[in-house]
Amino acid sequence: MWTLNGETAGRYFVSTESGSVYLVDLDRLMMSRLPAMDMSADRSLRRDGQSVDLISLVECSIGRPMNLIIDLHVSGVMRTTRRSTDVTAIEPFSDTAGPTAGDS
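**Looking at the environment of Leu-23**
Secondary-structure assignment places Leu-23 in strand S2 (residues 21-25). With residues up to four places along the chain from it excluded, the contact list for Leu-23 reads Arg-11, Tyr-12, Met-30, Met-31, Ser-32 and Phe-93.

Have a look at this one:
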């Protein structure tokens, strides 16, 4: 799969150049970021590892940064833009399978 642009349903693992993996759930309009294991605390993002509300998937294509508009439920902040490093892989996700070693 090369892009999620135009997709309105499904669940996907999106891997990025930094080594982070995002679970993008278009069915429930949620996303979660799992940072790369070697990332230092100063590169972590608010709500890492937690599900957050996805307002809009602006861009998600291999070779380009993913751009999302999310709601972190921070008082006084209506929405937040999250931009990743370049996307390296997009894989459909089901409850019984995750990304496998060697897939790209």
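There is more to say, and it comes next.
**Notes on the pattern of salt bridges**
One pass over the full model with this rule turns up 3 salt bridges. With a shortest N-O distance of 3.4 Å, Arg-11 and Asp-25 are connected by a salt bridge. Highlighted residues: Arg-11 in strand S1 (residues 11-16) and Asp-25 in strand S2, separated in sequence by 14 residues. Of the two residues, Arg-11 and Asp-25, both sit in the buried class. For the salt bridge of Glu-59 with Arg-64, the shortest nitrogen-to-oxygen distance reads 3.2 Å.

**Section: the sheet that holds strand S6 (residues 80-92)**
One closed barrel accounts for 6 strands, arranged S1-S2-S3-S4-S5-S6; its pairing is antiparallel. Taken pair by pair, the neighbouring strands of this sheet meet at an average axis angle of 50°, ignoring direction. Pairing of S2 with strand S3 (residues 30-34), which is carried by 5 bridges, proceeds in the antiparallel orientation. For Tyr-22, the partnering residue across the bridge sits in S3 and is Arg-33.

**Section: unusual backbone geometry**
The residue Leu-29 is not glycine, and still its phi comes out positive at about 50°. Tracing the backbone shows Leu-29 in the loop between S2 and S3. With phi around 55°, His-73 is a residue other than glycine that occupies positive phi space. Structurally, His-73 is set in the loop between strand S5 (65-71) and S6.

**Things to note about the nonpolar core**
Within the largest apolar cluster, 17 residues are counted, with the highest numbers of intra-cluster contacts made by Leu-4, Val-14, Val-24, Cys-60, Met-66, Leu-68 and Ile-70. When contributions to this core are tallied by element, the ones reaching two or more residues are S1, S2, strand S4 (52-59), S5 and S6. The residues touching Val-14, leaving out its near neighbours within four places in the chain, are Leu-4, Ser-20, Val-21, Tyr-22, Val-24, Cys-60, Met-66, Val-87 and Ala-89.

**A few points about the pairing of S1**
Most of S1 sits out of view: 6 of its 6 residues are buried. Judged by which residues are buried, S1 turns out to be covered on both faces: Arg-11, Phe-13 and Ser-15 on one side and Tyr-12, Val-14 and Thr-16 on the other are all buried. Across 5 bridges, S1 lies against S2 in antiparallel orientation. Note on S2: the bridge partner recorded for Ser-15 is Val-21. Note: S1 against S6, 5 bridges, orientation antiparallel. Its bridge partner being in S6, Val-14 is matched across the sheet by Ile-90.

The rules behind these values
- Residues numbered from 1 in each chain as written.
- Predicted model: local features only at pLDDT ≥ 70, side-chain atom pairs only at ≥ 80, totals over all residues.
- Heavy atoms only, no water.
- Helix = DSSP H or I, 4+ residues; strand = E, 2+ residues; numbered from the N terminus.
- Contact = heavy atoms within 4.5 Å.
- Salt bridge = Lys/Arg side-chain N within 4 Å of Asp/Glu carboxyl O.
- Buried < 20%, exposed > 50% of the residue type's maximum accessible area, 1.4 Å probe, protein only.
- Pairing = 2+ DSSP bridges.
- Axes fitted to C-alpha atoms, helices over the stretch in contact; angles between N-to-C directions.
- Core = buried A, V, L, I, M, F, W, Y, C linked by side-chain atoms within 4.5 Å.

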